[in-house]
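Spelled out from the first residue to the last, the chains are:
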Amino acid sequence: NFDIFMSTTENQKLAQELDKATKLKTYLVSDHPAVEALVEKYLAVIKEERKATRSHDDKYREQLRILICNFIWINSKKNQWLYQGRGKAAYKQTRYFSGLTKPIFVEGILDTLVSLNLLEQHIGFRSITKSRVTRIRAIGSLKRDVNKISCHAITVSSSRETLWVQETIKSWFDKRTGKTKKIKEKREYSDSVETRKMRNNLNIINQKLHETFIGLWIKDREHTKLNKRLNQSEKYELNFNDKYLDRIFNDVNFSLGGRFYHGWWQDVPKVYRPYITINHQAVVELDYKHLHPAILYGMENLKELWRGFDAYTLDIEGFNAEHRDALKLLFQCLINNDSEKEALNSIRSKGLASSFPFSPKELLQEMIKKHIPIKEYFFNKEMGKQLQRIDSDIAEYCMLEMINKYDSLILPVHDSFIVQQDKIHILKDVMIEAYNKLVGGKVPIDEKGFKLWHPNEGLIHDDVYLYKKYEDQSLQFLSRFNKDINGPFMAPDVFPDSYEDDDHYLVEF
């Protein structure tokens, strides 16, 4: 049995590391002299070992550069394994994958580096219960050389594919984890005026992300806790380089989905979001209060919901404000499943009824009763994806307006946005304008309950030595863009004046 064989040849800790390796990215690039010097050094090493001529130097150089850029990209992570298949199928050229070929990358570069003890490799396998593609990591002098170069020397190519069409080809409910498992595949599609415009807009957004320092102001010991928490939740170790966005659609007609993904701030638990910084300034998160219900009511010609109405509350015994997030997910079950049975399975798997004295079915019926005017839109799985297309267009509009008009970056978390404190009012106006232009009407905008940045909580300048990881990341970023690094390291800037005369904001000072 191959699984038994693997368990005897790999200890549990190593197996977990291999399972959470980082996917090799073919679109990483660099114009840094140190990177180019490293490519030339190991190109010469490979050529000498292979007794090769110069006829394929350029092809070897291009593919070796991709490998080295990937190793540098993850050199700040504890887990420095990459994964990339060795088989012929793994090197099929598509709009999502290009630049590597099996004869050169696998047989020429990887195999040679392994033979020189510069690369450690765990060959992939497939069994009845598990499969894993090949894992690799730098060792020896290659690892030492890679670790000398800041990960900020690497960026993503502007020509990479940022518009994805990804469809679910298989899904099932895993009773062991209580979660729905999905297998997804990327689809090829034909470009149009619309896709070219969306791609160009995303390039503008990603360029602004490239130029902006996005940090997480938590103490060094908190980084360890955070990565441990991410590991336990089956997520990967946080990599602050992963800040560039892709837009993922669910059909080749681009009518479903379209939300922005792959920013590291989207993967951190909510409790950490208040500690995100943009260009070393404290932030706030603004959120459309009940965007999807508002859009659906708008389809029924109600352009603004009743004053005091909250789509994610129920007039039932035992309800309180802490239940709102659960009821928001409950509403999503109504528009992301094709039947009541599927919706109930989803409610049970998420445990949404556990804090109420009602069964999942009773809770579902209460939510339907509350939203009688829009019940015709329920139990239509595509409806949720259609609404995501609308909210992603709103997000695109807000990000572009903030960049083009105010030279300011905002970070999307689907239908909410993280923004520097001194841009709160500007963003709020932009969000109101975006909704009115793309949907029509009005929807309330809330600020997430960020309760930090008190003068005695996290902003004592004498304590900055506890934030060494943050300091290193910020200094590396500043050096990459030739900015001054000689000043004393200080805590992030805070703008309490941004909140004057706005008592509905929840930030406390």
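Predicted, not measured: the structure shown is a model, and the values here were computed from it.

**Describing the overall build of the protein**
Along the protein, the regular secondary structure elements total 15 helices and 18 strands. Taking 23 Å as the expected radius of gyration for a compact globule of 509 residues, we find that the protein reaches 25 Å, a close match to that expectation. A principal-axis box enclosing the C-alpha atoms of the protein has dimensions of 75 × 60 × 50 Å. Long-range contacts, defined here as pairs at least 24 residues apart, represent 72% of the contacts in the protein between residues at least 6 apart. Of the charged side chains in the protein, 78 are positive and 72 negative; the average position of the first set lies 7 Å away from that of the second.

**Remarks on the packing of helix H3 (residues 33–50) against helix H6 (residues 140–147)**
A pair of packed helices is characterised by two quantities: the angle between their axes and the separation of those axes. One can describe the packing of H3 onto H6 by two numbers: an axis separation of 11 Å at closest approach and a directional angle of 170°. Accordingly, the angle class assigned to the pair H3 and H6 is roughly antiparallel. For the pair H3 and H6, contact is made by Leu38, Lys41 and Tyr42 and by Ser141, Leu142, Asp145 and Val146, respectively. Of the residues in the contact of H3 with H6, the class split is four nonpolar, one polar and two charged.

**Topic: the packing of aromatic side chains**
The geometry of two aromatic rings is summed up by the distance between their centres and the angle between their planes. If you walk through the whole model with that rule in mind, you get 21 aromatic pairs. With a centroid separation of 6.3 Å and 75° between ring planes, the pair formed by Tyr96 and Trp164 is classed as edge-to-face. In this pair, Tyr96 sits in the loop between strand E3 (82–83) and helix H5 (102–115) while Trp164 sits in strand E9 (residues 163–174), placing the two residues 68 residues apart along the sequence. When the ring of Trp217 is compared with that of Tyr467, the centres are 3.8 Å apart and the planes differ by 10°; the resulting orientation is stacked.

**Observations concerning the pairing of strand E17 (residues 416–420)**
Counting buried positions along E17 yields five of five residues, so the element is predominantly enclosed. Of the pairings in the sheet, the one linking strand E16 (residues 411–413) to E17 comprises three bridges and is antiparallel in character. The partner of Val413 across the bridge, within E17, is Ser416. With antiparallel pairing between neighbouring strands as the criterion, E16 and E17 make up a hairpin whose turn holds two residues, including His414 at a positive phi of roughly 65°.

**Focus on the pattern of salt bridges**
In this structure the tally under the stated criterion is 34 salt bridges. Of the charged contacts, one joins Arg95 and Asp191 as a salt bridge, the two residues approaching to 3.7 Å between their closest N and O atoms. With Arg95 in the loop between E3 and H5 and Asp191 in the loop between strand E10 (179–186) and helix H7 (193–211), this residue pair connects regions lying 96 residues apart in the sequence. With a relative accessible area of 34%, Asp191 lands in the partly exposed category. Where Glu185 meets Arg187, a salt bridge forms, and the shortest distance between an N and an O atom there is 3.2 Å. Judged by its relative accessible area of 37%, Glu185 falls in the partly exposed class. Of the residues examined, Arg187 reaches a relative accessible area of 26% and is grouped as partly exposed.

**Remarks on the environment of Leu475**
With respect to the helices and strands, Leu475 occurs in helix H15 (residues 468–480). Spatially, the C-alpha atoms of Leu475 and Leu387 are 41 Å apart, while their sequence positions differ by 88 residues.

**Comments concerning the layout of surface pockets**
Taken as a whole, the second largest pocket holds about 1,200 Å³ of empty space. Within the residue set of the lining of the second largest pocket, elements represented by two or more residues are helix H2 (12–19), helix H8 (220–232) and H15. Here the residues of the lining of the second largest pocket are counted per class, giving 12 nonpolar, 17 polar and 14 charged.

**Points about the sheet that holds E3**
In a beta sheet, neighbouring strands pair by backbone hydrogen bonds and run either parallel or antiparallel. Across the sheet, four strands lie side by side as E1-E3-E7-E4; this open sheet has mixed pairing. This sheet does not close on itself; its edge strands, each paired only once, are strand E1 (22–23) and strand E4 (119–122). Judged from the four bridges that link them, E4 and strand E7 (residues 135–138) form a sheet pairing that is antiparallel. Note that in E7 the partner of His122 across the bridge is Arg135.

**Description of empty space enclosed by the protein**
Scanning the model with the defined rule gives two cavities of 30 Å³ or more in all. Roughly 40 Å³ of internal volume is contained in the largest cavity. Residue lining of the largest cavity: Phe71, Ile74, Gln80, Arg137, Ala138, Lys143, Val146 and Asn147, and that is the complete set. The element that contributes the greatest number of residues to the lining of the largest cavity is H6, accounting for three residues. Considering only residue class, the lining of the largest cavity consists of four nonpolar, two polar and two charged. Each pocket or cavity is described by its volume, and for the second largest cavity that value is around 30 Å³.

**Considerations on the nonpolar core**
By size, the foremost hydrophobic cluster in this structure holds 78 residues, and its most contacted members are Trp265 and Tyr288. Considering every element that reaches this core, the biggest residue donor is helix H13 (residues 381–406), with 10 residues. Not counting the four nearest positions on each side in its chain, Trp265 is found in contact with Leu209, Ile214, Lys243, Leu245, Arg273, Ile276, Leu411, Pro412, Val413 and Ile418.

**Considerations on H7**
Residues three or four positions apart in an α-helix share a direction because the helix packs 3.6 residues into each turn. Relative to the 27 Å expected for 19 residues at 1.5 Å per residue, H7 spans 28 Å between its end C-alpha atoms, a close match to the ideal helical length. Burial in H7 covers these residues: Thr195, Met198, Arg199, Asn201, Leu202, Ile205, Asn206, Lys208, Leu209 and His210.

**Describing the confidence of the model for the protein**
Residue-level pLDDT values for the protein average 88, and 90% of them are 70 or greater. Of the regions scoring below 50 in pLDDT, residues 1–8 engages in eight contacts with residues more than four places distant in sequence or in other chains.

**So, unusual backbone geometry**
Not every positive phi belongs to a glycine, and His262 is a case in point at roughly 85°. For His262, the location among the structural elements is in the loop between strand E13 (257–261) and strand E14 (276–278). Positive phi is not limited to glycine here, since Asn279 has a value of about 50°. Note on placement: Asn279 falls in the loop between E14 and strand E15 (281–288). For Asn279, a relative accessible area of 39% puts it in the partly exposed group.

**Digging into the environment of Val464**
By the element assignment, Val464 lies in the loop between strand E18 (445–447) and H15. For Val464, a relative accessible area of 13% translates into the label buried. Put simply, Val464 and Glu107 are 357 residues apart on the chain and 49 Å apart in space, counted from C-alpha to C-alpha.

Cut-offs and rules
- Residues numbered from 1 in each chain as written.
- Predicted model: local features only at pLDDT ≥ 70, side-chain atom pairs only at ≥ 80, totals over all residues.
- Heavy atoms only, no water.
- Helix = DSSP H or I, 4+ residues; strand = E, 2+ residues; numbered from the N terminus.
- Rg over C-alpha atoms; globule rule 2.2 N^0.38 Å.
- Contact = heavy atoms within 4.5 Å.
- Lys, Arg positive; Asp, Glu negative; His and termini not counted.
- Charge placed at Lys NZ, Arg CZ, Asp CG, Glu CD.
- Axes fitted to C-alpha atoms, helices over the stretch in contact; angles between N-to-C directions.
- Parallel < 35°, antiparallel > 145°, perpendicular 65-115°, else oblique.
- Nonpolar A, V, L, I, M, F, W, Y, C, P; charged D, E, K, R; others polar.
- Phe/Tyr/Trp six-rings, centres within 6.5 Å; stacked < 30°, edge-to-face > 60°.
- Buried < 20%, exposed > 50% of the residue type's maximum accessible area, 1.4 Å probe, protein only.
- Pairing = 2+ DSSP bridges.
- Salt bridge = Lys/Arg side-chain N within 4 Å of Asp/Glu carboxyl O.
- 1 Å grid on protein atoms, 1.4 Å probe; cavity = no way out; pocket = protein on both sides within 12 Å on 5 of 7 lines; lining within 4 Å.
- Points joined across faces, edges and corners; volume = space filled by probe spheres on them.
- Core = buried A, V, L, I, M, F, W, Y, C linked by side-chain atoms within 4.5 Å.
- Expected span 1.5 Å × (residues − 1).
- pLDDT = per-residue confidence, 0-100.

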